[in-house]
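Understanding the architecture of this molecule
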Amino acid sequence: MSGKTVIIGIDGVPYDLIEGLANTGEMPNFAELLEEGNFSKMHAAIPEVSNVNWSSIVTGKNPGQHGVFGFTELIQGTYTVSFPDRRALKAEPFWKDDKRYMILNVPAMYPADEIDGVFVSGFVSPDFEKAIYPDSALKYLNDIDYKVDVDSEKAHKSYRLFLDNLFDTLEKRKKAAEHFWEKKWDVFMLVFTGSDRLEHFLIDAYYDEEHEYHERFIEYFREVDEIIGDIVEKMDEEDRLVMMSDHGMEQIKKNVNVNAVLEEHGLLKLGDEHDKRYKNIEEGTKAFALDPGRIYLNRKDRYPRGEVEDGEKTLEEMIDIFEDLTHDGEKVIKKIHRGEKVYHGDQTNKSPDLILTPNEGYNLKGSVKYDSVFAENIFSGKHTEDDAFLYCNDMPLPEDPTVEDVRSLIERDEDE
Amino acid sequence: MSEEPHNAERTCWNCPAAKFKGNVDFRGCGQSRRIVPKGEDKQLMIECKRRPELGHFEPSITFEQCPEWIMGEHGYMLEDMRVMILGMDGYLGWTLALKLANQGFQVSGIDNYTRRDCVMEKGSHTLVPIPNMTRRLEAATEELGVTLNFRRMDLGNRKKLREFIEEVKPESIVHYAEIPCAPYSMVDAEHAIEVQRNNVLATLGLLHIMRDVVPMTSLLKLGTMGEYGSPLTGRPLFEGLFPNDAVLQWDDREWSMGGEMTPRDPHSFYHVSKVQDTYNIYEGCKYWWLRSYDIMQGIIYGVHTEEVSQHPDLRTRLDYDEWFGTVVNRFVSQAIEDIPLTVYGEGEQIRGMIALEDAMECMVRLITSPPEPGQYDVVNQVSGLHKIKDVADTVARVGNERYDLDVEIQRLENPRVEAEEHPMEVVSRKLPQEHGFEPSVPVEKEVERMFELLSQDHIKQRIKEKKHVIMPKTRWSGEKKESGVLEVYQPGEKEKGDYEGKLDTE
């Protein structure tokens, strides 16, 4: 008889950060787990955006198969921006079988799946009622004033308010996890997402011991570690524990507006400068970008004012432009992927044509709103592709793992 | 197609499949709190009931771009759009039901046969015979191959209505379920109260049901040009709301009137009920983000649409009695029965009018071009302005010249309280300019169609049977007394006069 499976996700935590906190004794429970289990760096998806990563983690597929290429998408035949969610996922997640699941707070999985067990969607969940299944779980979570996500808007007003909200959200998550742990299940998955929010706004506070919020930054991970400890304590010996982050995080040196580069080179034309939106893309546009560095040819057969038929020349032109893009003498782009090469599967026809991976510290932005190529904003941290982490207590990890490999650890053979 | 369809550039904002609820906190007009996704581009996002796989997105897909909106006879139509007609057994309700169903809409409807009862109560009957609803539905399937989801129900029965609306989830509701008649509301206290109760209270209940069950559904409510009256100052009858550049001047000061309701000056207790509806609907849009076109319809007349003319059992009713017979319909019936056409008072009254077929086309265009959430809009649905005595002339002339009749016209003491001579300027720009409507049925053409149908022997016989219900006996004063004859004259005898009113469509 095989044991149960417990999956703990910590959104956006880099390998070095969690290893560091384990080594310095801030995350003693995690440190203890490292002594026995297998721990490795992991590659995020391309691009390294949370909803793409989690879609790959739960399906074991690449974006060319599951169809989610970014946080935003343009709807077929329009320049209308959409935010794809669970309903856009074209591959089955691992919970689509006859086991009993507790799926708590997985990002991009809204609205809730009606599964045998409990399903609580993670961010972004606009309608709380549709984020929870079944009704009994909704009632309970309403009673404890559960929050799907920390209110990041607060960080724009005050970090203090934001942190209070962050800890409150974590406390409710802990309470919910304890509650649902007591139910009957075969697989229990819990994702912490406040970590990603915290790092986006305050990763500087981690590296700077003098920072006003350095202590509270560490405190958050101490509390996460405590919850991990409580869970591990309740697990049986034969149970499997899989832990992971979905991407890493590093400090931002500069934001880079990809569309501003395209505009500068006459490849993107947006008309009204006071109403810069995708829907105002004008004739003469050869390409545009969506977050973070996904570039799409303005194809004739795909967009209302599309005009590109054979885009090879434009692609080569853009590759040259981005290879030459520098800031303070430093190259901005580390690697330029071609969609057709990095993705495979029946959704590849919807993929971006080029995907840019930046050098350290450069945060690629796909918004059409900004005029200048280089800019700064409130955020201090940005996603990274090559330093997520993966942990498993009882199985060797694949060599140089990616988010697509996680599912193989979650699905246990019956005779294991 | 030479021109772009009228609704090609409408977007998700107008579409009933767009789900704003849950994405926008509709707390009240002007106070909505936009719930924005956590992302860089902060803007309002919605979901689509028909395309849930899109997740959340900007409400900016145009009808032209959206695969759910397909090309129909009058522009784009939402595929299998569900339209509920309240008052489906009536003159307009039945005609519209057939037209919509024939064009591929999923049509449902209710009626409690009030119109049949009211007409019977007054001792009259529909001039064009119509079968009962069971046979009507059967004929619709046999002749047009369509099915209509009908339930017998009083609009005032909120429990049943709610249940039906919850079941059908209409994407557009056409409200034709009011008692439609000025003289009927002026018979006595009982009739006035019944008209206002039926019209005002049932509509108020409907608004509450829509708020709770189908807040995204547009309400196309039949009002009447009679809500405005005929102001003696000659100020234009705008489409319900003052245009942006309207200014009020007083005491050396000025105020913009743009967007405010224009004055109403109803001229019967029935018209008052319509004005009360106007305010109730306006408030519903304001409080709950409902959306509505309030349709100020001119005097309707005629017997023809492609669908009702296909089979005798598909015909719509036609009333000609003093209470429910509208003026053109009454004149043609009188002409056939050799009764001099009854013009009230001077006959200089100018009215906006529209033929049945044109009115139905307007409705299809409005159904397929819904207002935005919270938008209360008004359209003046008229295709021409006509003096009553000129209409009498036209009917008499057609009867005499083409049907070898000898039609005379009689002026009667006016049983109503109304201006018999007045200026009239009607603004009707939205239907032609925003909804691509061009009238295609001149009065003369429809009058000919009416003569054609009503001259059939079995129908002529029906006029004879009920001749006594034609002459007006219901006076606004409360007296029950037949109007005296002021004058009898031949068509063409009267001068037309210089003033003809102004219909402002551009």
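Description of the overall build of chain A
Looking only at helices and strands, chain A features 14 helices and 21 strands. In terms of C-alpha radius of gyration, chain A reaches 21 Å, essentially the compact-globule figure of 22 Å for 416 residues. Per-residue burial over chain A gives 52% buried out of 416 residues. Taking the intrachain contacts of chain A between residues at least 6 apart in sequence as the baseline, contacts between residues at least 24 apart amount to 68%.

Some details on the overall build of chain B
For chain B, the helix and strand inventory stands at 13 helices and 24 strands. Rg of the C-alpha trace for chain B: 23 Å, near the compact-globule value of 23 Å for 506 residues, within the 12% margin. With the principal axes as the frame, chain B shows a C-alpha extent of 75 × 65 × 50 Å. When burial is assessed residue by residue, chain B has 51% of its 506 residues classed as buried. Within chain B, contacts between residues separated by at least 24 positions form 80% of all contacts whose residues are at least 6 apart in sequence.

Notes on the domain arrangement of chain A
All names here are of chain A. Segmenting chain A into domains produces domain 1 (5-251 + 382-410) and domain 2 (254-375). Taken over C-alpha atoms, the centre of domain 1 sits 29 Å from the centre of domain 2. Of the residues lining the interface, 25 residues belong to domain 1; the matching set on domain 2 comes to 25 residues. Looking at the side of domain 1 that touches domain 2, the elements with two or more residues in it are helix H4 (63-66) and strand S10 (248-251). Sorting elements by how many residues they give to the side of domain 1 that touches domain 2 places H4 first, with four residues. Here the residues of the side of domain 1 that touches domain 2 are counted per class, giving nine nonpolar, 11 polar and five charged.

Section: the interface of chain B and chain A
By convention, interface size is frequently given as the accessible area that disappears when the constituent parts associate. Contacts between chain B and chain A engage 19 residues on the former and 22 residues on the latter. Its residues assigned to classes, the side of chain B that touches chain A shows seven nonpolar, seven polar and five charged. Sheet topology note: the strand S4 (residues 81-83) of chain A/strand S5 (residues 56-57) of chain B ladder contains two bridges and is antiparallel. Of the residues in S5(B), the one forming a bridge with Ser82(A) is Phe57(B).

As for the sheet that holds strand S23 (residues 485-489) of chain B
Residue and element names in this part refer to chain B. Spatially, the three strands line up as an open sheet ordered S17-S21-S23, and their pairing is mixed. Strands at the two margins of the open sheet, each flanked by one partner only, are strand S17 (341-344) and S23. Within this sheet the neighbouring strands show an average axis-to-axis angle of 25°, counted without direction. Strand direction decides the pairing type here: strand S21 (residues 409-412) and S23, joined by four bridges, are antiparallel. The residue bridging Gln 410 from the neighbouring strand is Val 488, located in S23. In the packing of helix H10 (residues 388-402) onto the sheet, the strands contacted are S17 and S21, and the crossing angle to S17 comes to about 170°.

A few points about the pairing of strand S9 (residues 240-244) of chain A
As a general feature of sheets, a regular strand has side chains that alternate between the two faces. All names here are of chain A. With respect to burial, S9 is a largely interior element, five of its five residues being buried. Along S9, one buried face is formed by Arg 240, Val 242 and Met 244 and the opposite face, lined by Leu 241 and Met 243, is buried too. Here S9 pairs with strand S21 (residues 388-392) via three bridges, running antiparallel. The residue of S21 that forms the bridge with Met 244 is Leu 390.

Observations regarding the packing of helix H9 (residues 194-207) of chain A against helix H10 (residues 214-234) of chain A
Residue and element names in this part refer to chain A. Where H9 contacts H10, the two axes come as close as 9 Å, and the packing angle between them is 145°. The way H9 lies across H10 gives a crossing that is left-handed. Taken together, the residues of H10 that come into contact with H9 (itself represented by Gly 194, Ser 195, Leu 198, Leu 202, Ala 205 and Tyr 206) are His 214, Phe 217, Tyr 220 and Val 224. Of the residues contributing to the contact of H9 with H10, the split by class is seven nonpolar, three polar and no charged.

Brief notes about the confidence of the model for chain B
For chain B, mean pLDDT is 92; residues scoring 70 or higher make up 95% of the total. Reported confidences for the modelled complex are a pTM of 0.85 and an ipTM of 0.77.

So, the domain arrangement of chain B
Residue and element names in this part refer to chain B. The assigned domain composition of chain B is domain 1 (1-71) and domain 2 (80-234 + 261-439 + 455-504). Here the C-alpha centre of domain 2 lies 34 Å away from the C-alpha centre of domain 1. For the side of domain 1 that touches domain 2, the per-class residue count stands at six nonpolar, four polar and two charged.

Some remarks on the sheet that holds strand S9 (residues 106-111) of chain B
Residues and elements named next belong to chain B. Read from one edge to the other, the open sheet built from seven strands follows the order S10-S9-S8-S11-S12-S15-S19, with strand pairing classed as parallel. Each end of this open sheet is capped by a strand with a single partner; those strands are strand S10 (149-152) and strand S19 (376-381). Across this sheet, the average inter-strand angle for adjacent strands is 15°, counted without regard to direction. Looking at chain direction, strand S8 (residues 82-86) and strand S11 (residues 172-175) are connected through four bridges and run parallel. Residue Ile 85 lies in a different strand from S11, and its bridge partner there is Val 174. Of the strands in this sheet, S8, S9 and S11 touch helix H1 (residues 91-102), which is tilted by about 165° from S9. Seen against the sheet, helix H7 (residues 269-288) touches strand S12 (218-222), strand S15 (291-297) and S19 and runs at an angle of roughly 160° to S15.

Regarding the environment of Gly259(B)
Structurally, Gly259(B) is set in the loop between strand S14 (253-256) and H7. Residue classification places Gly259(B) among the exposed positions, given that 10 C-beta atoms sit within 10 Å.

Quick notes on the packing of H10(B) against helix H12 (residues 443-454) of chain B
Residues and elements named next belong to chain B. Remark: H10 packs on H12, axes separated minimally by 10 Å, with the N-to-C direction vectors making an angle of 50°. Relative to H12, H10 is oriented oblique. For the crossing formed where H10 meets H12, the hand is right-handed. Within the contact between the two elements, H10 uses Val 391, Thr 394, Val 395, Val 398, Gly 399 and Arg 402 and H12 uses Val 443, Glu 444, Val 447, Glu 448 and Phe 451. Across the contact of H10 with H12, the residue classes tally to six nonpolar, two polar and three charged.

Re H10(A)
Residues that lie three or four places apart on an α-helix share one face, since the helix turns once every 3.6 residues. For H10(A), which comprises 21 residues, the first-to-last C-alpha distance of 31 Å matches the rise-based estimate of 30 Å (1.5 Å per residue) to within 8%. Among the structural elements, strand S1 (5-10), helix H1 (15-23), helix H2 (28-36), helix H8 (159-181), strand S8 (187-192) and H9 of chain A are those in contact with the buried residues of H10(A).

Details of unusual backbone geometry
Omega for the bond connecting Ile46(A) with Pro47(A) falls within 30 degrees of zero, at -5°, which places this linkage in the cis form. Locating Pro47(A) in the fold gives a position in the loop between strand S2 (38-42) and helix H3 (50-59). Here the residue pair Asp291(A) and Pro292(A) is connected by a cis peptide bond, since its omega of -15° sits within 30 degrees of zero. Among the structural elements, Pro292(A) can be located in the loop between strand S12 (287-290) and strand S13 (294-297). Phi at Tyr113(B) takes a positive value of approximately 60°, unusual for a residue other than glycine. Tracing the backbone shows Tyr113(B) in the loop between S9 and helix H2 (114-121). Since 14 C-beta atoms lie within 10 Å of it, Tyr113(B) is described here as partly exposed. Positive phi values are uncommon outside glycine, yet Asp338(B) reaches one of about 65°. Counting through the fold element by element, Asp338(B) comes out in the loop between helix H8 (327-336) and S17.

Some thoughts on H1(B)
Residue and element names in this part refer to chain B. Counted at 1.5 Å a residue, the expected span for H1 with its 12 residues is 16 Å, and the 17 Å between its end C-alpha atoms agrees. Burial of H1 is extensive: 11 of the 12 residues sit out of reach of the surface. Burial in H1 covers these residues: Tyr 91, Leu 92, Gly 93, Trp 94, Thr 95, Leu 96, Ala 97, Leu 98, Lys 99, Leu 100 and Ala 101. Of the surrounding secondary structure, the elements contacted by the buried residues of H1 are S8, S9, helix H3 (133-144), S11 and helix H9 (356-367). Directly beyond the C-terminal end of H1, a positive phi value near 105° is found at Gly 104.

About the cut-offs
- Residues numbered from 1 in each chain as written.
- Chains lettered and ligands numbered in written order.
- Predicted model: local features only at pLDDT ≥ 70, side-chain atom pairs only at ≥ 80, totals over all residues.
- Helix = DSSP H or I, 4+ residues; strand = E, 2+ residues; numbered from the N terminus.
- Rg over C-alpha atoms; globule rule 2.2 N^0.38 Å.
- Buried ≥ 20, exposed ≤ 12 C-beta atoms within 10 Å, placed from the backbone.
- Contact = placed C-beta atoms within 7 Å.
- Domains from an automatic or database assignment.
- Nonpolar A, V, L, I, M, F, W, Y, C, P; charged D, E, K, R; others polar.
- Pairing = 2+ DSSP bridges.
- Axes fitted to C-alpha atoms, helices over the stretch in contact; angles between N-to-C directions.
- Left-handed = near helix turned anticlockwise from the far one by under 90°.
- pLDDT = per-residue confidence, 0-100.
- Parallel < 35°, antiparallel > 145°, perpendicular 65-115°, else oblique.
- Expected span 1.5 Å × (residues − 1).

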